Structures are given as C-alpha cells and as structure tokens.
Amino acid sequence: MLELRGVTKRFGDFTALESVDFAIGAGEIVGLLGENGAGKSTLMNLVGGLHQPNGGEIRWDGEAVHLTSPRDATARRIGVVHQHFMLVPVFSVAENMALHAPQAVAVFHADEWAARVEAWARALGWRVDARRRVEELSVGERQRIEILKALFARTTSQKTKAESEAESEAESDDADETARLLLLDEPTANLTPGEADELFDVLRGLRARGCGIVFVSHKLREVMALCDRVVVLRRGRVVGEHPVSQTDAARLATLMVGREISAARPLRATSDHAAVPSPAEAVAALDDAHLTIRNLRCGVLRDFSLQVHGAEIVGLAGVDGNGQQELMEVLGGLRAPDAGTFEAGEAQTPGETANATRRAGEASGSAARTLSIIPADRQSVGLIHSFDLAENMALSRDLRAACRGRFAFDWTHARRTTRDLMERFDVRASATRERTPAANLSGGNAQKLVVARALQWSRGAVVAAEPTRGLDVSAARFVREQLRRAADEGRAVLLISTDLDEIFELSDRIGVLYEGRLLPDENLLPSGASRETIGAMMGGLVQGKGQK
Amino acid sequence: MIPMEIFSWRDMALPMMLTALAFAMPLLLAALGELVGERAGVLNIGLEGMMLGGAWAGATASFAAGSAPLGLLGAVAAGMALAGVFALLTITLKADAVVAGTGLNLFALGLTGTLHRALGERWSEVRSATLPEWVFALIGAVLVPLLWWGLKSTRPGLQLRAVGEYPAAADTAGVRVSRVRWRATLFNGALCGLAGAFLSMSHTDSFGENMTAGRGFIALAIVIFGRWNPWGALGGALLFGAAEGSQFFLQSKIGTTFYPLLLALPYALTLLVLAGFAGRSPAPAALGQAYER
C-alpha cells in the first residue's frame, strides 16, 4: 500500500533520514521504534505531507506520489495522529471535526456534526459528547478524538480529476471514507495502561478491517504486544526490521541504542530501609532529610499527605491532570496552597548534625528553599532559552551565592563551575560550550543540565517531575542514576511520573495520585507491587483503603 | 456660546445620538476588519495607516473621477494595498507584527501627507464627491450580524478561527494557514479603507493630514473591549462614538476652559478599556504569532 524507497530528508546540515526504505500493506500493524531524534516523527511528517523528502520516492498503491500538504495525505485516506494534540482547545469536538469537512460544505451545522461524530465514535465502541469543548476533555478522551479524526477526516482539497473520481467511488459507501492507513506517533504517551490496552483493542479491530497502521513508539513492551512487524530506526537509518514473533525486547533495545544496555537492572535501593527496623540514631538522621506534606489542598489536590524519608525514592504514579501540576507548583513555591503545609530537611554529613538540624528547623517555614526541584516542563520552566548555559546555571540560588563578588557578579567563576558540571554530567553542547544558548541543546542534554543544577549544590529533598519525558534511553538512564545517587546520599526523593516503567525502575515505595488523592493510603505500596494493581488505581478502578 | 436657558436635554437627545452614530461609524468598520484579522491570528496595529490611506485615496479618486462610488473603490483598494504590504512582511516574510504595524502607520502618515500637499499645489482645492452617512451605516449594520454568523457557523469561519487559535491543527486539517491569514488581512484593509473613506467622503468633504487622529488605535481597543465578537465591537464603537461626539454638546455646557479635557475623553476611555479588559480577555491563542511548519 505505502512504500518509501531510499527516502532522505535533510534540515539544513542535519540529516534526519538517510535512504530509508519502509513499506506497509493493508491489514498490518508495523511498529516504528527508535530513540528521540532517530527520525520517527520525520518519517511520519513525510507521509503526512507536512514535509517533503530531499531524495527518494514515496509510493502509494504502486505509484510515486508527491505529498506536498496534509491535504494530499488525507485525499489518499492517510490519517495521522500527531505526537502533540492537533485539536483546537476552545473548539467543540464537533467543530474540530468539521474543520476537515470537504470544501463543498459551506455551513457548519453543530447538531448535525455532533450526531455524525457520535456515530463514528459508536462504531469504535466509544461514547463521546461531541458538544463539549476539547479543553474540558481528559487527555485520554482527547486521544480518542484524535483517532476518530484521523480515521474519518475527509479531504478538503480542491480535487484533481483522478482524485475526485476515486473520491466519488468512495462516497458511495460510508465505510469506505475511513482512512486506509493510520499513522500514530506515540499515541500512548498520555494514557493509563488500561486506556492503552483499550486503544490496542481498537487498533486490532481496525487491522481486521484491512486498515494499515504504523505505530511509532519507544516503548518496547507496547510494540511487542501490538505489532506484527517492527522497523528500528537509529540516527535516520533503518537498522533492523523483524517480525515481532522472531525477535525479543532485548534485541530490539540493543538495535535501537546501538549497544548493549542493561535495561533490566533495577535502580532500587538494595535494602528496603523503610520496612527494616534501623537503630534509633539512623532513623533520626534519615528523618532530618525528610519531605513531609500534610493535608495539602490546592486545585485538584484534596487533603494530600505524604511522607518521604531520607534515602528513599517514593514514586508517585498517575495520569496527568490528577494533581501533579498543583503539587509541583506548591512545592516549587509558585502557588500558595488553600490549606496544608509541607516541610523538607537536608541530608547531613556525620558530625554536622546539630547545625543541620537547626537549618532544617528554620527551613520548615519556607521549605521550598531546601527543596531541589526538577520541573516537568524543562522547555518553559526549567531553562531560559535565550540565556546561555552558564547564565541558566546561575539561576540557581546556590551558584549565585558562590559567585557573589566584591563589586559584581563573578562570571568567571560561574562559567568555570558550569564547565565542570557539564563535564561531570556529560552535557554535550557545541564548541561554544557554556556560552551555548540553552535553546540549542538537545532534549537530553538540556535535562541533564537541569538535573545537574538541581542536585549539585543543595543537600535537601529532591522533587522530580517527569524527569525523563521525551529523553532517549541512554539520557534517561543517566538521569535516573543521578536520582538514585541522590537517595543514596541520604536525600529524600519524590518522583512524580506518568511513566510506569520509570516508577517501577526507581521507586522504593509507590503511590498513585488519583483525582488529587494519594492511593492506596499513606503507607503506599512496596516496590514489588503489580503493574495491574497500580494501573487499576491510575484508572480509578480501585479505591484506596481508608478513603473518606 | 449658547445661553444656558435654550439648552435642553430633550431637544438635544436626537442630535446627540446621531452625532454618536456618525463618530461610531469609522470606528465600527475598522474594528470589524481588525476583529476578522485577529480571529485569524493576525495582529495588525496598522489600522490608523490603512484608514489614512483609504481617506486620502477616497477623497482623491472621487475628486479625480467625479464619482463617489469610484472614490469608495479607490479607498478600498488603497486599504487593501497597504494591508498587502503588511501581510507580505508578517505572514510571508514572518516579520514582527508590532514593528510592521508601527511601520505601516508611519509610512501611510508620511505618504498621504506628502501626496496631499503635492496634489494641493497642482489642483488648488481637492473636494471629494460625497456619500450620505447612511450608506456607511448600512454597510456596518449588515456586516455585524453577517460576520457574527459567518465566524460561528460557516466552514471558512471555522477555518479562520482555527488558524487564529492553533495554526498547526488547522494545517494538519488541510487548511492553508498563510492563505487564510492573507485573506483576513486584506479584508481588514478593505474595511479600514472604507472607514477612512467615511472620514473624507462623508463626514467631511476633503482629506486632511492625519485626519484619523488616533481612531485606528481606538478601533484596536474596541476589538478587545468587544471581546473579539462583532456585536461587542458594535457596542464598543457606539460607546466610543458617544464619548467622541458628546464633546461638542458638553463643550457648550461647560465652556471652553475644559475643552481640551473633553477632546481627550475617547483616548482616556481607550486607556481604561485596555487596562481593564486586556488582561482577562479571550484573545485568540495564536494572536500575533507567525506560523512555521
């Protein structure tokens, strides 16, 4: 059905895809696997008509085609679900769908469209209220709308002769209007495991109806569970292509990264200190480094209490929008809670106890000062894009304090420190090193810098939200190791993540944030809890013990 | 000065309303144009310039051709030409919208002033062929409900709003983002040209240098005040028109000492509106942002 032959795509000097061959037939689900920057999204954009290749050809039903705009793709019944939602938030679901209507339709009848969209949804076994505004929908619901849109979106182009003939044939039967090829770019990024399974069922149903599906992901487990065939991309080249039945996750991971990675080694603490009774002094020392949140109420958060001890990582799982943002904003001091308090202590080096305890005591008034925050959105909150790296590092209170010169800010010291840190944390920038603007860093390097800044100077509790979102496997690995090291130093680490694999890999204890409450209760779950238990809590299927 | 005894509110009510309406007309037309542009994500602060262009071209063309409709056509063409320059700079070449809009205002001010003086030397006196004010009022009266319905319930309206809110989503839906923005900008230019023509071909019968006197900026404020809704723009235009028109009547009541303060009334109102409404307004999300794939 679709075939790419020797396709090359360059952006300036950067080669995103180099003579890539790729093919997919009807009734087939092909996984497209690769790290960030491997070229997955670029390939999607070429087929979706957003970008045009510099070399090679794209063939559709055996004919070479030039897809110069998304219109050309939809005209050939290629549906795309982009990584970022392509829905207008202030539009209703029906309005978003009508945006794709053929040119001939001049007037938008809200009721008619709502009925139409709801009928489409029913065909997939979903219930959708098409009159609601997209911004009122949950992330999972939006994902469904995206899929409906990709499946049913119709051409809006002024058709060429050949196209309009094909079109009029299609119009005779309503079912034939649906997409023949569906491209899904990381569609499960925002879904709970339960929602993802549901999506997989829908995709399998579409496959049975003869729809070809390209499933882009870097989650090996999902690709193994869903796809018939896997194509692995690395640095713009196809490095492997296997039927799923003839390969395994470990081999694919190696292909993806280009070398062996010990993906299986858990980064959990070797002994579970929370359960093992410790000598009294040790407990006291650990508790100095705690992070305690009491009865926090703010936005979605309802009487949220949580204690993280020193030297442990508590993982807080949950789907986005259940209070993660409020929690981060309160802990980061960006927002005053309606009720509740929190305090944080610092880990101490032996012999410094008295002094440090006092500091922890002072800190309880403004605990944010002893907290190290790794924000979820490094793009907008973590770094200032137009600042260079040293300037970004100097945003840290601790580095600023160290650089306080007699008259002016000691930039020499700040730059030297930044250079050292970049070396230690393996932040790779261009030849301008610490003078590189933050905007020029890749996602992985930017996040390493944010982590370095958060962990380097303070000894206080650490709060990390989505610390590895969008990072490739090796950068993610590095960031996780740094978090584990922070815990090993005796610091309390709170990990807020929607990535269950990450939660399981790092956490000593696990909780679930659901509708602003902590599940199952303040004792949390042990690190060995089952994926199903946690998935059920994330989806709200299981209420915690002792909920009011 | 009119003696106090013969000034009565009852007798003045109708003339005051008509004056308010007359002052509201150019504001309404320009605000409706800008509203359409902004709903498509185009922030064009060059209304003043486009109005001036329209005012000059309307006066000159109607005088030269001896025909008011041809003058109107000239005014619309001039507004669209200036809008085209703006669209080329900001949509196609992706220049900063505020800089381009400011440039447009200064350019049009200088250009119309120079041309006016040059022609004045040759023709001694340029008198416009005039149109009655109700012609413009009719255009406004038709446009308000039409635009309201069109934006809400037609496919082009849907596409236009999508382009202003989330151009990437519109693009993937097959909407040509740049084309929609170009058209919205040209429409804005046409309406600003009309607004200018009202000033030089209906309200008065000749062009005067900088005769718009900040009305383009007031129209800009009206778009915000009206919350990007045509009916809101109508309300805003009437309010500002009343503020501007009332000075002639109040002047007779309070005397000439405070006259300059009265002149400042519409502008003070503009500041108030911008300070009070700008912060929490439902502006299109992609307003003033260039779009690149």
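Quick note: structure is the one above.
It should be emphasised that the depicted structure is a prediction, and the values quoted were computed from it without experimental measurement. In this numbering scheme, every chain counts its residues from 1 along its sequence in written order. Written order determines the labels here, with chains lettered from A and ligands numbered from 1. A pLDDT threshold of at least 70 governs which residues receive local features in this predicted model, and a stricter bar of 80 or more applies before side-chain atom pairs are shown or counted, although totals over entire chains, interfaces and linings include all residues. Excluded from the side-chain calculation are hydrogens and water; included are all heavy atoms of the structure.

Enquirer: I tried to follow the interface of chain A and chain B on my own but got confused; where do I start?
Expert: Here, two residues are considered to be in contact whenever any of their heavy atoms come within 4.5 Å of each other. Facing 28 residues of chain A, the contacting portion of chain B comprises 22 residues. Throughout, the accessible surface (probe 1.4 Å) given up by two parts as they are put together, summed over both, is called the buried area. For the chain A face of the interface with chain B, the top three residues by lost area are Arg-71, Met-86 and Leu-99 of chain A, together amounting to 27%. A side-chain nitrogen of Lys or Arg and a carboxyl oxygen of Asp or Glu constitute a salt bridge if their distance falls within 4 Å. Our count for the chain A to chain B interface comes out at one salt bridge. A salt bridge links Glu-95 of chain A to Arg-161 of chain B; the shortest N-O distance between them is 3.0 Å. Definition of a polar contact: a pair of N or O atoms within 3.5 Å, with one able to donate and the other able to accept a hydrogen when the atoms are protein atoms, and with sequence-neighbouring residues admitted only if both atoms are side-chain atoms. Put simply, chain A and chain B have five residue pairs in polar contact (both at pLDDT 80 or more) between them. Every helix listed is a DSSP run of H or I at least four residues long, and every strand listed is a run of E at least two residues long, numbered separately from the N terminus. At the level of elements, helix 2 (70-75) and helix 3 (93-98) of chain A are the ones that each hand at least two residues to the side of chain A that touches chain B. Of the residues contributing to the side of chain A that touches chain B, the split by class is 17 nonpolar, nine polar and two charged. Basically, the charged four are Asp, Glu, Lys and Arg, the nonpolar ten are Ala, Val, Leu, Ile, Met, Phe, Trp, Tyr, Cys and Pro, and anything else, Gly included, counts as polar.

Enquirer: Hey, could you run me through the pairing of strand 9 (residues 229-234) of chain A in this one?
Expert: Here is the key point about a regular strand: its side chains alternate between the two faces of the sheet. All names here are of chain A. Summarising burial for strand 9: five of the six residues are buried, a large majority. Note: strand 3 (residues 29-33) against strand 9, four bridges, orientation parallel. Along strand 9, the bridge assignment pairs Val-30 with Arg-229. Linking strand 9 to strand 10 (residues 237-243), which pair antiparallel, is a turn of two residues; within it Arg-235 sits at a positive phi near 50°. Burial here depends on accessible area, computed with a 1.4 Å probe over protein chains only, as a share of the maximum for the residue type. Under 20% is buried, over 50% is exposed, and the range in between is partly exposed. A pair of strands counts as paired when DSSP detects no fewer than two bridges linking them.

Enquirer: Sorry, what's going on with a nonpolar patch on the surface here?
Expert: Judged by side-chain polarity, Leu-14, Met-17, Leu-18, Leu-21 and Leu-238 of chain B come together as a nonpolar surface patch covering roughly 490 Å² of accessible area. Note that Leu-14 of chain B resides in helix 1 (residues 9-39). Candidate patch residues must exceed 30% relative accessible area and have no salt bridge, after which like charges are joined if within 9 Å and Val, Leu, Ile, Met, Phe, Trp or Tyr side chains if within 5 Å. Using a 1.4 Å probe, accessible areas were evaluated by the Shrake-Rupley method; residue-level cover was limited to the displayed protein chains.

Enquirer: Even after reading the chapter, I still don't get the nonpolar core, so can you show me in this structure?
Expert: Most often, soluble globular proteins have nonpolar side chains that are buried together. Counting residues in hydrophobic clusters, the biggest one holds 132 residues, and the most contacted among them are Trp-113, Leu-148, Leu-182, Leu-203, Leu-206 and Phe-215 of chain A together with Phe-136 of chain B. Each of domain 1 (1-76 + 180-265) and domain 2 (86-179) of chain A gives at least three residues to this core. If we skip the residues at most four places from it in the chain, Phe-136 of chain B touches Met-25, Leu-29, Leu-72, Leu-131, Leu-194, Ala-197, Phe-198 and Ser-202 of chain B. Formed by 48 residues, the second largest nonpolar core is a distinct cluster that contains Cys-403, Ala-452, Leu-471 and Met-537 of chain A. For our purposes a nonpolar core is just a set of buried Ala, Val, Leu, Ile, Met, Phe, Trp, Tyr and Cys residues, chained together by side-chain atoms within 4.5 Å. Segmentation of the chain into domains, including their bounds, is taken from an automatic or database domain assignment.

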